[in-house]
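A look at the structure
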Amino acid sequence: MKAITLQAYGGPEVAQLRHDVEKPQATPGHVLVKVACAGINFMDIHTRQGKYAHSSTYPVRLPCTLGMEGAGVVVEIGPGVSHLAVGDRVAWCIAWGAYAEYANVPVEKIAQIPNAISFDQAAAAMFQGCTAHYLIDDVARLQAGSTCLVHAASGSIGQLLVQMARRLGATVLTTASTVDKCAIALQQGAHQAWTYDRFADQVRQATGGRGVDVVFDCVGKNTLRESFRACRTRGLIVNYGNVSGSLTDLDPMELGEAGSLFLTRPRLADHMADGATVQRRANAVFAAMLEGTLTVDIEGHYSLETVQQVHARIEARQQIGKAVLWVDRDLH
């Protein structure tokens, strides 16, 4: 079968398309999926760069097949699997191997998808949608009347956070790197949007000096300390990414000085621990999509043959939305 494989870590050139990869079989506790679409994520870039080479949360090791999010049809059931059947339409994330014609996927990562959700929509929504869902519902516990600040609000997860927070009745303040990207945040429902320059002052002014209840910060080093200043006393800072690098010199005393803040660095894997939880999150995301209160924009559809070019574009940060690989267009 065709697959994008890694034999070594490095730049886009190490993501090699091979046509002679052995088709996997469904192992115990797994199902074999004929892949229709695979989502393209920064986690794929990080995998290729070797950032998970020693991770216990995401234990992907060389050699491997890229792609940690996909959608398709179950074609084989492994021993011990009773709740899925051949022909089921499914999607998954944080299980590697989606950049291929077939993937052997653990059932605890699998969610069944409604017939009204297309494979490309499912592959685009699973990882970012479940991430936004657990950040808002489990970590921040936002509700009507809450206030939050979403950094990188024009990005894939940022746009979903804005929409989900507005859906709950929260006040949503946002940042982005350019005025054009701020406009995207406003289109998604943000109440206000600013560039990163002096954003804490803007937030304080917009909240009458109080600060927001929750900050969703995926930027990291360049914003985290200012995020402290934008947050209210005893507020919550959710650092779920480090696009600008990690803050390696943080003294916990700073959290006290900033108003007895709570700081957390969650990971999706710990909030997708079993199949029931995965299905519950996916159901919430798909239901919002079907009712029209959540929009997942697909920036582009690509083929396996273009993976190196697409990865290069992502690393250069030239694209905003979610990209999807079409692996098998004959599946509907």
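Read on for a plain summary of the structure. No experiment lies behind these values; they were computed from the predicted model shown. (Residues numbered from 1 in each chain as written. Predicted model: local features only at pLDDT ≥ 70, side-chain atom pairs only at ≥ 80, totals over all residues. Heavy atoms only, no water.)

Comments concerning the overall build of the chain
Across its full length, the chain carries nine helices and 16 strands. Its C-alpha atoms give the chain a radius of gyration of 20 Å, near enough to 20 Å, the size a compact globule of 332 residues would have. Dimensions of the chain, computed from C-alpha atoms along their principal axes, come out at roughly 60 × 40 × 35 Å. Counting contacts in the chain only where the partners sit at least 6 residues apart, residues at least 24 apart contribute 69% of the total. For the chain, the computed accessible surface area is about 14,000 Å², with 49% contributed by carbon and sulfur atoms. Computing the positive centroid from 29 side-chain charges and the negative centroid from 31, the chain places the two 4 Å apart. (Helix = DSSP H or I, 4+ residues; strand = E, 2+ residues; numbered from the N terminus. Rg over C-alpha atoms; globule rule 2.2 N^0.38 Å. Contact = heavy atoms within 4.5 Å. Areas by Shrake-Rupley, 256 points an atom, 1.4 Å probe, with all protein chains shown as cover. Lys, Arg positive; Asp, Glu negative; His and termini not counted. Charge placed at Lys NZ, Arg CZ, Asp CG, Glu CD.)

Brief notes about the nonpolar core
Counting residues in each nonpolar core, the largest one holds 100 residues, and the members touching the most others are Ile94 and Phe216. For this core, the element with the most residues is helix H2 (residues 119-140), which contributes 14 residues. Those residues within four positions of Ile94 in sequence are excluded, and the remaining contacts are Met43, Tyr58, Met68, Lys109, Phe127, Leu268, Ala269 and Met272. Counting residues in each nonpolar core, the second largest holds 16 residues, with Ala200, Phe228, Cys231 and Leu255 among its members. (Core = buried A, V, L, I, M, F, W, Y, C linked by side-chain atoms within 4.5 Å. Buried < 20%, exposed > 50% of the residue type's maximum accessible area, 1.4 Å probe, protein only.)

Here we look at helix H1 (residues 42-49)
Among all positions of H1, only Met43, Asp44, Ile45, Thr47 and Arg48 are buried. Here the buried face of H1 lies against strand E1 (3-6), strand E3 (30-40), strand E4 (64-65), H2 and helix H9 (307-315). Of the residues flanking the end of H1, it is Gly50, one or two places downstream, whose phi is positive at about 95 degrees.

Concerning the environment of Tyr240
Note that Tyr240 resides in the loop between strand E13 (231-239) and helix H7 (253-257). By relative accessible area, which is 12% here, Tyr240 ends up buried. If near-sequence neighbours (up to four positions away) are discounted, Tyr240 is found in contact with Leu135, His151, Ile157, Gly158, Leu161, Phe216, Asp217, Cys218 and Arg265.

Focus: the state of the cysteines
Here, the word disulfide means a covalent bond between the sulfur atoms of two cysteines. Summed over the entire model, instances satisfying the criterion amount to zero disulfides. Free cysteine Cys37: the closest other cysteine sulfur is in Cys93, separated by 15 Å. (Disulfide = S-S within 2.5 Å.)

Topic: H2
Over its 22 residues, H2 runs 30 Å from end to end, which matches the ideal 32 Å to within 8%, given 1.5 Å per residue. Its maximal kink placed at Met126, H2 deviates by approximately 45 degrees. With 19 of 22 residues buried, H2 is to be regarded as a mostly interior element. Once H2 finishes, Arg141 follows within two positions and takes phi at roughly 55 degrees, a positive value. (Expected span 1.5 Å × (residues − 1). Bend = angle between axes of the 7 residues up to and from the residue.)

Focus on the packing of H2 against helix H3 (residues 156-168)
Following both chains from N to C, one finds H2 and H3 inclined at 45 degrees, their axes separated by 9 Å at the closest point. With respect to each other, H2 and H3 are oriented oblique. Crossing geometry of H2 relative to H3 is assigned as right-handed. For the pair H2 and H3, contact is made by Gln128, Gly129, Thr131, Ala132, His133, Leu135, Ile136 and Asp137 and by Ser156, Ile157, Leu160, Leu161, Met164, Ala165 and Leu168, respectively. Considering only residue class, the contact of H2 with H3 consists of nine nonpolar, five polar and one charged. (Axes fitted to C-alpha atoms, helices over the stretch in contact; angles between N-to-C directions. Parallel < 35°, antiparallel > 145°, perpendicular 65-115°, else oblique. Left-handed = near helix turned anticlockwise from the far one by under 90°. Nonpolar A, V, L, I, M, F, W, Y, C, P; charged D, E, K, R; others polar.)

Geometry only, nothing functional implied.
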